[in-house]
Amino acid sequence: MSVNYKLNSKDNLTKLLINKDVNSWEELVQFIKKMPYGRNKNRHDLDLVIKEHKGTCSSKHALLKEIANLNAIPHIKLILGIYKMNASNTPKFGSVLSENNIDFIPEAHCYLNINGERWDYTSDNSDFNRLKDDILIEKEIEPYQVVAFKVDYHKAYIKSWISEHKIPYSFEYIWSCREQCIANLSA
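Caption draft 1: Spotlight on the pattern of salt bridges. Counted by the stated rule, this structure contains 6 salt bridges. A salt bridge links lysine 34 to aspartate 124, with the shortest nitrogen-to-oxygen separation between them at 3.2 Å. Of this pair, lysine 34 sits in helix H2 (residues 25-34) while aspartate 124 is found in the loop between strand E3 (117-119) and strand E4 (135-141), placing the two residues 90 residues apart along the sequence. For lysine 34, a relative accessible area of 54% gives the class exposed. The shortest N-O distance in the salt bridge between arginine 178 and glutamate 107 comes to 2.8 Å. Note that arginine 178 is positioned in helix H7 (residues 171-186) and glutamate 107 in strand E2 (residues 105-114), a separation of 71 residues in sequence. A single network of salt bridges, built from pairs that share partners, joins Arg39, Glu107, Arg178 and Glu179.

The structure is reproduced here in structure tokens:
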């Protein structure tokens, strides 16, 4: 973003960040990118990303979008993308996929669209360019939708993919492989 917006909202979420000496959009982005990857105890509570100092692509980007909303930072959209998760774009997943003879699994990933450009702040080394050619579908969502809606949308997409492409595995099997891939990210 070309303008470094100050965080000045009086809401509790912004106050939590200011108490951590995070006072601007750029400082917030750096703060989020440096956090470890990991699921929070309660997916509904964005405060936990700050308090537990960790998050997933969903919780981190939902927090960023919520802070943008609360602080009137314009032109930021939260995007739910489904991409072909494979060993090339997500190396830590490679062994699970190859061991199960799966080329890719459709994975739900959250990121931001800022002024028409896609940004992935999941970690310090996240780079949307690694995924851009493997995006299957994108949908703008609101921060609260990273909980139930994202999971339901993702599961429905995988079920449809299995059926349409005659994948020789059950949904439960594909989902368990996916869960192992996610566990590898947290390790």
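Caption draft 2: How the structure looks around the packing of aromatic side chains. The tally for this structure, following the rule as stated, stands at 6 aromatic pairs. Seen from their ring centres, tyrosine 111 and phenylalanine 128 are 4.7 Å apart, and the 55° between their planes marks the pair as tilted. Taken together, the residues span a long stretch of sequence, with tyrosine 111 in strand E2 and phenylalanine 128 in the loop between E3 and E4 at a distance of 17 residues. Judged by relative accessible area, which is 1%, tyrosine 111 ranks as buried. Over the ring of tryptophan 175 we find lysine 155; its NZ or CZ atom is 5.2 Å from the centre of that ring.

Caption draft 3: Molecular detail of helix H4 (residues 57-70). For H4, built from 14 residues, the straight-helix expectation of 20 Å at 1.5 Å per residue is met to within 8% by its first-to-last C-alpha distance of 20 Å. Along H4, 11 of the 14 residues are buried, which leaves the element largely enclosed by surrounding structure. Looking at the residues trailing H4, positive phi occurs at alanine 72, about 55°.

Each value, and the rule that gives it
Residues numbered from 1 in each chain as written. Predicted model: local features only at pLDDT ≥ 70, side-chain atom pairs only at ≥ 80, totals over all residues. Heavy atoms only, no water. Salt bridge = Lys/Arg side-chain N within 4 Å of Asp/Glu carboxyl O. Helix = DSSP H or I, 4+ residues; strand = E, 2+ residues; numbered from the N terminus. Buried < 20%, exposed > 50% of the residue type's maximum accessible area, 1.4 Å probe, protein only. Phe/Tyr/Trp six-rings, centres within 6.5 Å; stacked < 30°, edge-to-face > 60°. Lys NZ or Arg CZ within 6 Å of the ring centre and 35° of its normal. Expected span 1.5 Å × (residues − 1).

Everything listed is a geometric property; what it means functionally is a separate question.
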